[in-house]
Amino acid sequence: MFTTALLAIYSFGSVPTVWRNYEEVFDLAVIDGKVIAATNGGLLRQAGSRWEIVPAPGGLRTFVRTSPLVVSVASGRSFNVTDRTWLPSRPKSENAFVSADEAGDWHAPTLAHVYKQIRQGSDFFVGTSDGLFHFHGGRWNREVLPTLMPVNRPTGVACVDGVFVVGGMNGLYVGKPSAWRQVASDAIRQVARVGSDIWVVHGNGAMDKLDTANDRLYPDVMTGASKRPWTSCITPAGASLLCGGIGGWVEWGSDSQDAYPSELTGEVITAIAAKGDVRWVGTEQSGIFRFDAKARHQWNPGNGLYDSWVTSFCWAKDGLIVGTMHAGLYQIERDTIRPVNCPTKRVTQLVRWHGELVVGGMDGCWLQHGSTWKSLSDYGEETTSLSEVDGRLCVTTASGIAFF
Amino acid sequence: MRACFVILLGAASTLVCAQSVTSVYNRDTHEAFRLKNMRVESTVVGPIVKTSTWLTYDNPYKALTEATLNFEMPGSAALGGFAYLYGDEYVRGRLMDKNKAWFIYTAITSRGRDPGIMEQWSPTTYHCQIFPIKMGRDLRIRLWSVGMLQPQEGTMNLPKPTAPRAVGYQATDPTLVEPIWTSRSVQSPPIVEQDGRYTVNLPSGVSAVAQKFKDGRIYVAGLIRTPQDNDGKKHRIVVKSAFYEPVNGDRGGADVTAKVQELIDRGDYAFNANNAVFGDPTPFKLKRLSMSFEIDGQPQTEIVPENTSVALIKNVAVGGNTTFFRLRQPKTVVMDPQTLAFSGWLLRNEGVAARFNGTRYAFKPKLIASGGDTARIWAQQMLATNRWQRAKDVLAFSMKYGVPSTATALLAVPEEEMKLFAEKEKEFQKMQAEQRKRELEVERQQRNWAGGRGGRQQNWTSSGGGDPEIRVTFHDAKSVDAILPDRRVLQLTAEGDVWGGNFEIPADALEGTYIVRVVATLRDGSRVERSWNYEVDRTPPHGKADILFIGSKPVLEVRSEKGLNEVAAFSTDGWKWILVEVRPGVYRVELPLGFNGSLTIVLKDRAGNKGQVQCSRPHS
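Residues numbered from 1 in each chain as written. Chains lettered and ligands numbered in written order. Predicted model: local features only at pLDDT ≥ 70, side-chain atom pairs only at ≥ 80, totals over all residues.

Participant: So, the interface of chain A and chain B: which residues are in play, and what are the values?
Facilitator: In this complex, chain A contributes 53 residues to the contact, which on the side of chain B involves 39 residues. Partitioned by chemical class, the residues of the side of chain A that touches chain B number 18 nonpolar, 24 polar and 11 charged. (Contact = placed C-beta atoms within 7 Å. Nonpolar A, V, L, I, M, F, W, Y, C, P; charged D, E, K, R; others polar.)

Participant: Any chance you could break down the pairing of strand E15 (residues 163–168) of chain A for me, citing the residues and the numbers?
Facilitator: All names here are of chain A. Burial analysis of E15 places 5 of its 6 residues in the buried class, the great majority of the element. Bridge analysis of strand E14 (residues 154–160) against E15 gives 6 bridges, and the strand direction is antiparallel. By the bridge assignment, Ala158 is partnered in E15 with Val165. What sits between E14 and E15 in their antiparallel hairpin is a turn of 2 residues, with Asp161 showing a positive phi close to 50°. Bridge analysis of E15 against strand E16 (residues 171–176) gives 5 bridges, and the strand direction is antiparallel. What sits directly across from Gly168, in E16, is Gly171. Connecting E15 to the next strand, E16, in antiparallel fashion are 2 residues. (Buried ≥ 20, exposed ≤ 12 C-beta atoms within 10 Å, placed from the backbone. Helix = DSSP H or I, 4+ residues; strand = E, 2+ residues; numbered from the N terminus. Pairing = 2+ DSSP bridges.)

Participant: Residues and numbers for the sheet that holds strand E44 (residues 580–583) of chain B, please.
Facilitator: All names here are of chain B. Across the sheet, 4 strands lie side by side as E40-E41-E45-E44; this open sheet has antiparallel pairing. Two strands bound the open sheet, and with one partner strand each, they are strand E40 (543–550) and E44. This sheet shows a mean twist of 35° between the axes of neighbouring strands, independent of strand direction. As judged from the 5 bridges shared by strand E41 (residues 553–560) and strand E45 (residues 586–590), these two strands associate in the antiparallel manner. Among the inter-strand pairings, Glu557 is bridged to a residue of E45, identified as Arg588. (Axes fitted to C-alpha atoms, helices over the stretch in contact; angles between N-to-C directions.)

Participant: Before we move on, can you summarise the nonpolar core with the specific residues and values?
Facilitator: Ranked by size, the top nonpolar core spans 105 residues in total, and within it Val220 and Leu411 of chain B carry the most contacts. Residues Val157, Val174, Ala274 and Leu357 of chain A belong to the second largest nonpolar core, which totals 81 residues. (Core = buried A, V, L, I, M, F, W, Y, C linked by C-beta atoms within 7 Å.)

Participant: A description of unusual backbone geometry should follow, citing residues and the corresponding values.
Facilitator: Residue and element names in this part refer to chain A. Each neighbour pair has its own omega, and for Ser67 with Pro68 the value is -10°, a cis peptide bond. Checked against the element boundaries, Pro68 lands in the loop between strand E6 (60–66) and strand E7 (69–73). Even without being glycine, Ser178 reaches a positive phi, approximately 80°.

Participant: Break down the confidence of the model for chain B for me, citing the residues and quoting the values.
Facilitator: All names here are of chain B. Per-residue confidence for chain B gives a mean pLDDT of 80; residues scoring 70 or more make up 87%. For the stretch residues 315–320, pLDDT sits under 50, and the model shows 12 contacts to residues farther than four places along the chain or on other chains. Note on residues 449–459: pLDDT is under 50 here. Beyond four places in sequence and across chains, it has 27 contacts. Overall fold confidence for the complex sits at a pTM of 0.58, while the interface term, ipTM, reaches 0.81. (pLDDT = per-residue confidence, 0-100.)

Below is the structure:
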């Protein structure tokens, strides 16, 4: 869930602010005569024929206790829903969390995996990997849950003319809440919009172009067009697209140009930025390289960048902001680099929105406001992408999407 | 290059004819259609000849009949196309993907109607089916091709199409029909008729023409003729004996010594051993041509099976290398010891130099009207002699130049079937697109499971969080589920026997060992279970670094935990050195002589955790 106050400040438009997928129902319980469901999207409570959202983290797995209500999440940590606090974590012992409920002789109404079944009076409720089912009046019904997006672990969102494209761990979807269509089933790494086209990087390094105007998907566009059709990251640069790969990058515009400098041999490119003819390239193993017509410069742990794993770039007024996986933020001005104060050391994403820097990390998301940072998440979830979608800030986390 | 000649000589086996029809018969009864007449129109442009042949066969059948036509082409020529008359409608074959042609052909056949289809069986042999032939109307077929003038007895002749009167499965009347021939010459010396042959008095040396093709290149086709005197030695071939006999050597064959000698004397150094040439002395029996002959006094023997090309000239050494200057991707066909057909392309029409039989020739091809004739001659050679790795490349090349190949077919559809043709064409394209999508998906999956270009790890054994991938092999599995440590059950997807999928390790997962159980349900209903562990590790590695001197060389040594993923040292000026684990937990790299700066050493474990140590003072 995301900070309510900030939602009040920034949210607008008809699209709901937070989208989650509640269709994986891991555990069920009855409290005060009402069924509650622990789902991957969060906690749901039966309210007549509807299901209402109870404030709780995403990625719920089991009910540890019902009074007070304590739930465990995917990471193995426990959360007290009643007083909205995390319980102290205990070191994990082997096998402690491994279990899978079997359906037994249950005549499941679905081919999906059954996680939990409970009885309430003459009714049955079954939580499965594909929804919540309710046996009532002699027949099975699939319960309508407040699911607004279809993917687990979303990793990118883009929108053209009201049509959303959402990529995640279980594929790529096009549409809008309540009307999604799956167009790819493998894991998606990144989604970016350039003009009216949407570019999609798959987990395996393939890159597709989605033309939403004509409802056409051009798969694997780099194959045959580039020497090394494996993409690790993409960055829009004006009308063209910079595609980082292994050992170099491709500039995809009216035509494609490959660049494989010897300095980058064997390096996986994790971030790339451009200004004029100058290119900044961030790597996983060797820090940052700057290439221009005259000289090449590099920053790594030997000369001021105390982490060689660069995750993201973002332009500031007076230089380039650099996110690193273990050492927080840095700023490069001309040839000098300096650390920037930041609430997280594990930066995964950067974006500039309404002139302010937004930092996504493995443990939350923050908006820089003057010299202070405001947290955009209540539960410190991993930020999987940051982008501007139709003028709104879009933050994806392991359990959902939020628009500010 | 000499080896190349030997290969190409095989392709030059049927040089003498423009189109050599070998059989035309009723596909149901196998009875031969009787050829009523053959009209040929030849146009000579420089050394190239465009030949159009109309074959008119009697159709005695009172029911719908399907005809089969088989014919051969010279190795130096390219088929331009085929057409037939459906009643009075002229139906022309369109070149297309062979799979697409057969898909449409089959769809139309299922309605009891049938277009004509022609496919290539080898670079020089073609097969054609036409159904139905209109009742009471003759079977009329047109073939057109582009090739080169043919050398014969010191003159250059127009290639003569040949067709036997009536040859089906059996030779009813194998005598060759004399064509009604009209010819004209454009930008070439006049055509002279002599003893039923049409001859062009082409001077020795090079005769070449060039055409601008739609791709902007200039394609060149030509002939190089070495004067016989310059050769110094004209090869003399004497046929001692030749028998066209049963392939097992049984009695009953025919002595064709005189016929073979006649062919050679005519300059036909390459011909076909078939019934059309030698008649059918033993019907229903496969035959062979067994020959004994001398070349320049050297005795030779040759036995070739029926319907195989005979190339006596391959036994004759062709002197010297053939080389070209400026002509790109040159292709050559040796037509006789003095004559070489060549083709290739230029970026612009400019002078070309060639060396053949030890003589150097410099020439500029004569540019003629734009078109595809010279390009087709070259493309045919490319298709016939190049080693093609992928069928789709052959298809694309064949379609570009409009030359039939093993990947394409010519499909002729009457107007009344065109609506169905268009529907089926669309259906095929949709099917192809689906197929391509599936192939891409498979490629993508394979690339993923192969670790991608980044060599990323699957089935991780240590992690700090993320969405790694499971990959596991089960034979004969119906479904495979991965039961993850957090209770989630993931249905894995199959690629052959390999099953895979992505799962999530939360960024805040507690440190420790986790177990993934994988349960496969096999096709026989039994279940097989496997499991593997992964480690969530958030503790950065620690270490100690020193610079040692081994001999006089400075060596950086780092001691830390064993099995680190990477240990790298960075100097203040940005240099990076990767250390190698020389013993468990000991990592070393040799530094440049005289190194005296400070180093930052980054230790990275398999879960991605990083630790750093500094080292700045050389240890002496």
